[in-house]
Amino acid sequence: MIKIGVLALQGDYLEHQRILQILGINSTYIKTPEELNKIDGLIVPGGESTTINKLMDFYNIKKPLKKLVQQGMPIWGTCAGMIIIANKIIQSSPTPLSLIDITVDRNAFGNQTESFEQLITLPVIGKQPFKSIFIRAPKIIDIGEKIDVLGRLPNKQPVAVKQNNILATSFHPELTNDYRIHEFFVKMI
Ligand code: GLN
């Protein structure tokens, strides 16, 4: 049986684990490099990317994590998690892990009060639109050739992307009661 790790340094890791539990998937919180050895995939939650980044440095988890993902371990970053796994970000901080070939602009959809919800069609999870929640969300401003765009806003802005074993969403599927993107990630494993 597979086990999914949720990086539990800061942010809404609890909400991700709630959904994995509902789906009957074994999951565990991850903080240290040693804990990475017992999982088959990792979710990096939304939160504050600068804080998550600092704590990743504190626990020395970046290098071993990067190696595992380069060897094929599936990883999914939501919102701040997308910033953490991006190739580049246009701000000076944090320094991203450079795992998925996207360039990201932090907070580019506006501040907390400009948070919004949008129904988005993601063909990989079915026809029914997915209620996507954007909270100080990162905007993907450039994508590499190997990126599959899984979903876009009505203005065509990509907000869900995949490159082989790496998934990234600008929004927060963990804050909804629609578990289809979590199920999709489970299938990637
Ligand atoms: N704005 C946050 C950051 O830059 C991300 C917000 C979120 O995860 N909801 O890290």
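Structure: see above.
Remember, predicted model here, so these are calculated numbers, not experimental data. Counting restarts for each chain: residues are numbered from 1 in the order of the written sequence. This being a predicted model, a pLDDT of at least 70 is required before a residue's local features are given, and a value of 80 or more before pairs of side-chain atoms are given or counted; all residues contribute to the totals for chains, interfaces and linings. As a rule here, side-chain values cover all heavy atoms of the structure and leave hydrogens and water aside.

So, the overall build of the protein chain
So, step 1. Here a strand is any run of E in DSSP of at least two residues, a helix any run of H or I of at least four, and the numbering for each starts at the N terminus. When you go through the protein chain residue by residue, the secondary structure sums to five helices and 12 strands.
So, step 2. Note that the radius of gyration is over C-alpha atoms, with the globule rule given as 2.2 Å times the number of residues to the power 0.38. Since a compact globule built from 189 residues should have a radius of gyration of about 16 Å, the 15 Å found for the protein chain is in line with a globular shape.
So, step 3. Each principal axis of the C-alpha atoms in the protein chain carries an extent, and together these give about 45 × 40 × 35 Å.
So, step 4. Burial classification: accessible surface area is computed with a 1.4 Å probe over protein chains only, and a residue below 20% of its type maximum counts as buried, one above 50% as exposed, and the rest as partly exposed. Residue burial in the protein chain is summarised as follows: out of 189 residues, 54% are buried.
So, step 5. We call two residues contacting when some pair of their heavy atoms lies within 4.5 Å. Partitioning the contacts of the protein chain with sequence separation of at least 6, the portion at a separation of at least 24 is 65%.
So, step 6. Accessible surface for the protein chain amounts to roughly 8700 Å². Of this, 48% is attributable to carbon and sulfur atoms.
So, step 7. The positive count covers Lys and Arg only, the negative count covers Asp and Glu only, and His and the chain ends enter neither. Taken as the charge location is NZ of Lys, CZ of Arg, CG of Asp or CD of Glu. Of the charged side chains in the protein chain, 21 are positive and 17 negative, and the gap between their average positions amounts to 3 Å. We get accessible surface area from the Shrake-Rupley algorithm with a probe of 1.4 Å; when it comes to residues, only the shown protein chains can shield them.

Re the nonpolar core
So, step 1. The set of buried Ala, Val, Leu, Ile, Met, Phe, Trp, Tyr and Cys residues whose side-chain atoms join them within 4.5 Å is what this entry labels a nonpolar core. If you look at the biggest cluster of nonpolar residues, it comprises 31 residues, and the most contacted ones within it are Leu7, Leu42, Met56, Leu65, Ile75, Ile85 and Ile102.
So, step 2. Listed by contribution, the elements that provide at least two residues to this core are strand 3 (41–44), helix 2 (49–58), helix 3 (62–70), helix 4 (80–85), strand 5 (86–89), strand 6 (100–105) and strand 12 (166–169).
So, step 3. For isoleucine 102, the residues in contact, after removing those within four places along its chain, are Met82, Ala86, Asn87, Lys88, Ile140, Asp142, Ile143, Ile147, Val161 and Ala168.
So, step 4. Core analysis: the second largest hydrophobic core is formed by 25 residues, Ile4, Ile43, Ile120 and Ile181 among them.

Comments concerning the environment of glutamate 183
So, step 1. Mapping glutamate 183 onto the fold places it in helix 5 (residues 180–188).
So, step 2. Assessed through its relative accessible area of 36%, glutamate 183 is described here as partly exposed.
So, step 3. Spatially, the C-alpha atoms of glutamate 183 and isoleucine 19 are 9.5 Å apart, while their sequence positions differ by 164 residues.

Purely spatial values, then, with no claim about function.
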